[in-house]
Amino acid sequence: MNRARVLVYGTAAVILAVTLVSGPAVGFVDLTTPRYDTSGLGEGNATVDRIDAPDSVTLERGYQSESYYLTVPDAKIRLASLSGKPTVAYGVDIPAFGYSRSTTHFLSEGTSGWVELSLQSDTLGSDTVTADAYEGTISIVLRDSSGKTVLYEEPVTVEVVR
Amino acid sequence: MSTGRAWRIDLDAARHRAGAVRTLLCRVVVGDRLGLAVFLGALVAIGLTWRIGFFISDSYTLANALVALADGSLVVEEAVYGTLESPGMVVHDGRYYGRNYGQVAAALPLLWALRGVTTVADLGLVFAALWSLVVLSLAVQVGRLVGRPSLCAVVGSGVALGAFALNAALAEPVAARLLPVAALQLGTVLAAALVATTVYRLGTRLHDRRVGVAAGATAVAATPVGFWAAIPKRHVTVTALLLGVVYAFYRSRADRDGGTDSLLTTAGFRGLAYALVGLWTWIHAGEAFVVFVALVAVDVPTAPSNDRRTLAVVGGAFLASLLPFLLTNAAISGDPLRAPRMLTPAAEATGGSAFGGGSGGTDGAGGTAGGTAVLPPVLGGVLATVADRLALLFEPFVAGARSVFADPESLYETFVRAGYDEYIGRHDNDQAINLSVLESAPLVAGVVAILATGATRATAAVRRDTRTPLREQFVSAVRTARSSPTAATDTFVALVAVLFVLVYMPRLPLFAQVTVRYLLPVYVLAVYALVRQDWVRRTLGVRGRAALWSYLAGVFLGAQLLFVVVAVWTVGRGGAVQLHAVAGLAVAVVFGVTATASALDDRFDGLTAVLSGITAALGTNLIALSALVYFQYGPYALPAVDWLADLLAAA
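Residues numbered from 1 in each chain as written. Chains lettered and ligands numbered in written order. Predicted model: local features only at pLDDT ≥ 70, side-chain atom pairs only at ≥ 80, totals over all residues. Heavy atoms only, no water.

1. Topic: the overall build of chain A
Then, number 1: In terms of helices and strands, chain A carries 1 helix and 10 strands.
Then, number 2: Against the 2.2 N^0.38 benchmark of 15 Å for 162 residues, chain A shows a C-alpha radius of gyration of 24 Å, more extended than a compact globule.
Then, number 3: When the backbone C-alpha atoms are referred to their principal axes, chain A occupies close to 75 × 45 × 25 Å.
Then, number 4: Across the 162 residues of chain A, 39% fall into the buried class.
Then, number 5: Once local pairs closer than 6 in sequence are excluded, the contacts in chain A between residues at least 24 apart make up 64%.
Then, number 6: As displayed, chain A offers around 8,700 Å² of accessible surface, 49% of which is attributable to carbon and sulfur atoms.
Then, number 7: Each charge class in chain A can be summarised by its mean position, and for the 12 positive and 20 negative side chains these summaries are 12 Å apart. (Helix = DSSP H or I, 4+ residues; strand = E, 2+ residues; numbered from the N terminus. Rg over C-alpha atoms; globule rule 2.2 N^0.38 Å. Buried < 20%, exposed > 50% of the residue type's maximum accessible area, 1.4 Å probe, protein only. Contact = heavy atoms within 4.5 Å. Areas by Shrake-Rupley, 256 points an atom, 1.4 Å probe, with all protein chains shown as cover. Lys, Arg positive; Asp, Glu negative; His and termini not counted. Charge placed at Lys NZ, Arg CZ, Asp CG, Glu CD.)

See below:
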């Protein structure tokens, strides 16, 4: 056998061996672990001493379509202390058309200082968006061992950009 | 010791036989070593885009049917996925059945294999291991092809091991309940790779290997075949079948002058073409009928011979291939000619959102779908009934032709600019995420140059034979088609493409199409039409490098540029897809013009080569960004790609 052949068969053998060894039959090692360990989520404690939330939100007309695209700028919170794995939900409500959406962020131990919270954008149909502006609410809710704490809840202007 | 010796001899014989079987399998499926490389390369590329899960709710029907079939039953008793009221599910005698049983049956052995593999391997790592092994074998094949086995072995092993290590480090558990859908997806992924390799074989047989490889790669990477490759719908599978039909059709004529290396006789290849159409009925009888009509119309008049023996072979192969279809129908509805698609839909096709809603259950593109009870009840009315049935069978083509003339706007929206459509938009949050043919695959624009080629040829012909009467010219054209395998194949491909479009035109534009998926086979026929043109082959031959480099630049720089624009310019998924559409259409128009110019004058070849690379790249970019950014559902088959997609989503 020449060297190239040995290399190719060796590579294939390594790949197969690792797959087998980590498989359910052998179970020597588990290579498929969730990238984020969700155990103990929402437990622990966090102290937030400053909050920086946007005061306007835009509903922008989609390119070459009749839909509107809701974008909420990122909010920022400053952690004074953190233990365990509390979660922070960043949400927006637009009561005029019964809209509510929030994105939950996991705080992991070791995080400190300013943390950016993003809110996933969304698409709304043109029959929903009729006025030029709407009143909405931005909220930031902390969930830890002491339960739910509303950190921030303020009205926001939803600007429609056509 | 005599037993030991006998044993060794047996082992050698077995090894010899295994080698022979492998060689035979290789020849049948991929043709030759380069065909194998194209096949493996397509698998590597598609593997990167594979998300395990449901893109469209029609797939629930197939997945539930597969689970039922794996339990030994055609009746779908419970909805393992989604609901029993998913689009395409049918009810007969109060029992639920799926559809496209040919595709479901083909996925069954794959499901068994996956179940077997997952008893010893972690599902979260199975596809990563398989992908690395495919990369390794691709490297080995390429090494032998280019005569640098050591170098390719080193590179291939490095990439395979590196990718596997990265995937293993990032791997997450994948739920075992996704196995049946993964099996269905594996089926379409293999079908897509088969499309690439069959186009390669056809291109190589018609012209040369360079043309073959370019065409094979283009068919999957630059047309929506790549988009639908890992989505368990019928389109990629039937495209692979159609390519098989075209290939067998060509071989049944080209081998006439004593093809020494053929595994089948010319009659055998004809039989194969019909048999593949027969198998198609098991997936979608209406589409199969369309291809059958085109095949009979071109095959019978141009066949080398229609003697009784040949016809017996062809007819026998066709009837045998219809058996699975007839038996499945008989088992479900009691009527062998009543396919599941003709039964009562479990849920009315309400549509919903594009990716929640399906394409509906009444997918009968005509054909056998028309004949609910094909045998006439009373013999007296045979003639009238036959006429009736024929009218019913051909009605879809007539309706299609009528719709093309009555509603040219739909034709424009299907092929050129889809734009925003109120009816479709209602299903998609008022977005415009359904693209036209040219927007999805701008490369198709090159087909218009056929008009220029045709015009020049016609002018030359007319100038040459001004004295010959028109009738004789026609007769001589027919004679050419009969004597030339390529002319016959061209005619067949053109007829299939036209009939396919006609049959679907009354229903297009439609929601949940994304890239006009009904016409997926037509995209690949368009690639065929491209490689059959002289200017394309001349450009590939002389300016191949320019085309390749502009393709690579278009993919590696263009995709990043598009991604940045989409990320910065917050327009949402609808806006992002429209950006692709507008960019694609703009380049397609320019390419159409330069292609036509090239067809008339080779001074334009340089420009055409660059534009062909860019148009192909835009097709690839749509596939790549759709897979990585716009449409995410379920875990990626490769954990590293999953991680990358998460990263891009955060940007």
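2. Brief notes about the interface of chain A and chain B
Then, number 1: The partner chain B presents 45 residues to the 36 residues of chain A that form the contact.
Then, number 2: Interface area, chain A with chain B, both sides summed: about 3,100 Å², of which 66% is carbon and sulfur.
Then, number 3: Where chain A meets chain B, there are 0 salt bridges.
Then, number 4: Counting every contact that joins chain A to chain B gives 4 residue pairs in polar contact (both at pLDDT 80 or more).
Then, number 5: At the level of secondary structure, the elements contributing two or more residues to the side of chain A that touches chain B comprise α1 (3–21), β3 (68–71) and β8 (122–124) of chain A.
Then, number 6: Sort the elements by how many residues they give to the side of chain A that touches chain B and α1(A) lands first, with 11 residues.
Then, number 7: Looking at side-chain class alone, the side of chain A that touches chain B contains 17 nonpolar, 14 polar and 5 charged residues. (Buried area = accessible area lost by both parts, 1.4 Å probe. Salt bridge = Lys/Arg side-chain N within 4 Å of Asp/Glu carboxyl O. Polar contact = N/O pair within 3.5 Å; in protein donor to acceptor, adjacent residues only side chain to side chain. Nonpolar A, V, L, I, M, F, W, Y, C, P; charged D, E, K, R; others polar.)

3. A word on the pattern of salt bridges
All names here are of chain B.
Then, number 1: Overall, the coordinates contain 16 salt bridges over all chains when judged by the stated rule.
Then, number 2: Between Arg209 and Asp32 there is a salt bridge whose closest N-O contact spans 3.6 Å. Taken together, the positions of Arg209 in helix α8 (residues 209–221) and Asp32 in the loop between α1 (2–29) and α2 (33–49) put the pair 177 residues apart, joining distant regions of the chain.
Then, number 3: Its relative accessible area of 28% is what places Asp32 among the partly exposed residues.
Then, number 4: As a salt-bridge pair, Asp534 and Arg457 come within 3.8 Å of each other at their nearest N and O atoms. Highlighted residues: Asp534 in helix α22 (residues 534–568) and Arg457 in helix α18 (residues 449–464), separated in sequence by 77 residues.
Then, number 5: A relative accessible area of 56% means that Arg457 is categorised as exposed.
Then, number 6: The network of salt bridges with common partners includes Asp58, Arg99 and Lys233.

4. Section: helix α15 (residues 408–415) of chain B
Residues and elements named next belong to chain B.
Then, number 1: Buried residues of α15: Ser410, Glu413 and Thr414, and no others. Seen end-on, α15 carries its buried residues on one side only, within an arc spanning 100 degrees.
Then, number 2: The inward-facing, buried residues of α15 contact α17 (437–440). (Arc of directions from axis to C-beta.)

5. Side note on a nonpolar patch on the surface
Residue and element names in this part refer to chain B.
Then, number 1: There is a patch of nonpolar side chains on the surface, built from Leu24, Leu25, Val28, Val29, Leu263, Leu264 and Leu272 and spanning about 570 Å² of accessible area.
Then, number 2: At 4 residues, α1 tops the list of elements feeding residues into the nonpolar patch.
Then, number 3: For Val29, the position within the fold is in helix α1. (Patch = residues over 30% accessible without salt bridge, like charges linked within 9 Å, V, L, I, M, F, W, Y side chains within 5 Å.)

6. Describing the side chain of Asn64(B)
Residue and element names in this part refer to chain B.
Then, number 1: The topology assignment puts Asn64 in helix α3 (residues 58–70).
Then, number 2: Taking the relative accessible area as the measure of exposure, Asn64 reaches 1% and is therefore buried.
Then, number 3: Ignoring anything within four residues of it in the chain, the contact list for Asn64 reads Val76, Glu78, Ala79, Val80, Tyr81, Thr83 and Met89.

7. Some details on the domain arrangement of chain A
Then, number 1: Along its sequence, chain A is carved into domain 1 (1–33) and domain 2 (43–161).
Then, number 2: The straight-line distance from the C-alpha centre of domain 1 of chain A to that of domain 2 of chain A is 46 Å. (Domains from an automatic or database assignment.)

8. Some words on the nonpolar core
Soluble globular proteins tend to pack their nonpolar side chains together in the buried interior.
Then, number 1: Among the nonpolar cores identified, the biggest contains 202 residues, and Phe55(B), Phe492(B), Phe500(B) and Leu519(B) are the most heavily contacted of them.
Then, number 2: The greatest single-element share of this core, amounting to 16 residues, is contributed by helix α7 (residues 179–206) of chain B. (Core = buried A, V, L, I, M, F, W, Y, C linked by side-chain atoms within 4.5 Å.)

9. Considering the pairing of strand β9 (residues 133–144) of chain A
Residues and elements named next belong to chain A.
Then, number 1: Here strand β5 (residues 87–94) pairs with β9 via 7 bridges, running antiparallel. In the sheet register, Ala89 faces β9, and the bridge partner there is Val141.
Then, number 2: Sheet topology places β9 next to strand β10 (residues 147–161); 12 bridges connect them, and they run antiparallel. The partner of Tyr134 across the bridge, within β10, is Val158. (Pairing = 2+ DSSP bridges.)

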